[in-house]
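Summary of structural features
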Amino acid sequence: PVGDDLAGFGNDSVRTLCDHFQPTLARNGFDEAAVRREWAGVKAHMRRQPRGQLDQLWEHLFQDQQHRDQFSNILQLVEIVLVFPLATAAVERGFSCMKRVKTDWRSSLEVPMLSKLMFISIEGPSVEHYHAAQAVQAWFEAAPNGRQFQAEL
């Protein structure tokens, strides 16, 4: 946005964020009246920023202590927005994994074991690259007094 468009740009969004996160922001000393002035100041910096380099502007505002102090309230809102996931793919993968792991035969799994199995499923090696012999050896060696293998013939 440029010119008059920039003057009103984001005002409603800032207001919505302030309203939605008000309890959290209040605990961190957020000044809602100051955020409007700070947002206008950030937009003034945007106006001077070369086109296509807004990411560098935000980086500068976060890294420069003078700007962090000057724009402390609006930067709190920006930090909140930055932690929002941009997509739900990771969450959807997690639910798909849980559906694969927690079958009817495993319906009584407790949360800690389900979490471990899901972690292995998501982060572990593929079946083709998994070496069971190494895992069994590590399991044998992990016991305080060693484990005894008894094969029945």
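Residues numbered from 1 in each chain as written. Predicted model: local features only at pLDDT ≥ 70, side-chain atom pairs only at ≥ 80, totals over all residues. Heavy atoms only, no water.

With that out of the way, let us pick up the packing of aromatic side chains. Applying the stated criterion across every chain, the model contains three aromatic pairs. When the ring of W139 is compared with that of F140, the centres are 5.4 Å apart and the planes differ by 55°; the resulting orientation is tilted. For W139, a relative accessible area of 48% corresponds to the partly exposed category. (Phe/Tyr/Trp six-rings, centres within 6.5 Å; stacked < 30°, edge-to-face > 60°. Buried < 20%, exposed > 50% of the residue type's maximum accessible area, 1.4 Å probe, protein only.)

Time to look at the packing of helix α2 (residues 11-20) against helix α4 (residues 32-48). The interhelical angle for the contact between α2 and α4, taken along N-to-C directions, is 145°, at an axis separation of 11 Å. Classified by chirality, the crossing of α4 by α2 is right-handed. Judged by residue contacts, N11, V14, R15, C18 and D19 of α2 engage E32, V35, R36, W39 and K43 from α4. Tallied by class, the residues present in the contact of α2 with α4 amount to four nonpolar, one polar and five charged. (Axes fitted to C-alpha atoms, helices over the stretch in contact; angles between N-to-C directions. Helix = DSSP H or I, 4+ residues; strand = E, 2+ residues; numbered from the N terminus. Left-handed = near helix turned anticlockwise from the far one by under 90°. Contact = heavy atoms within 4.5 Å. Nonpolar A, V, L, I, M, F, W, Y, C, P; charged D, E, K, R; others polar.)

Time to look at the environment of N11. With respect to the helices, strands and loops of the structure, N11 is situated in helix α2. Measuring from C-alpha to C-alpha, the distance between N11 and A40 comes to 9.0 Å, with 29 residues separating the pair along the chain. Beyond its immediate stretch of four places on either side in the chain, N11 contacts W39 and K43.

Turning our eyes to something else, we now look at the nonpolar core. One finds V42, W58, I74 and L77 to be the most contacted residues of the largest nonpolar core, which totals 20 residues. Those elements giving two or more residues to this core turn out to be α2, α4, α5 (54-63) and α7 (72-82). The leading source of residues in this core is α7, at five residues. (Core = buried A, V, L, I, M, F, W, Y, C linked by side-chain atoms within 4.5 Å.)

Attention now moves to the packing of helix α8 (residues 89-101) against helix α9 (residues 111-123). Axis separation between α8 and α9 bottoms out at 10 Å; the angle between their running directions is 110°. As the angle between them shows, α8 and α9 are arranged roughly perpendicular. Here α8 runs over α9; the crossing is right-handed. Between α8 and α9, the contacting residues are G94, C97, M98, R100 and V101 on the first element and L114, L117, M118, S121 and I122 on the second. (Parallel < 35°, antiparallel > 145°, perpendicular 65-115°, else oblique.)

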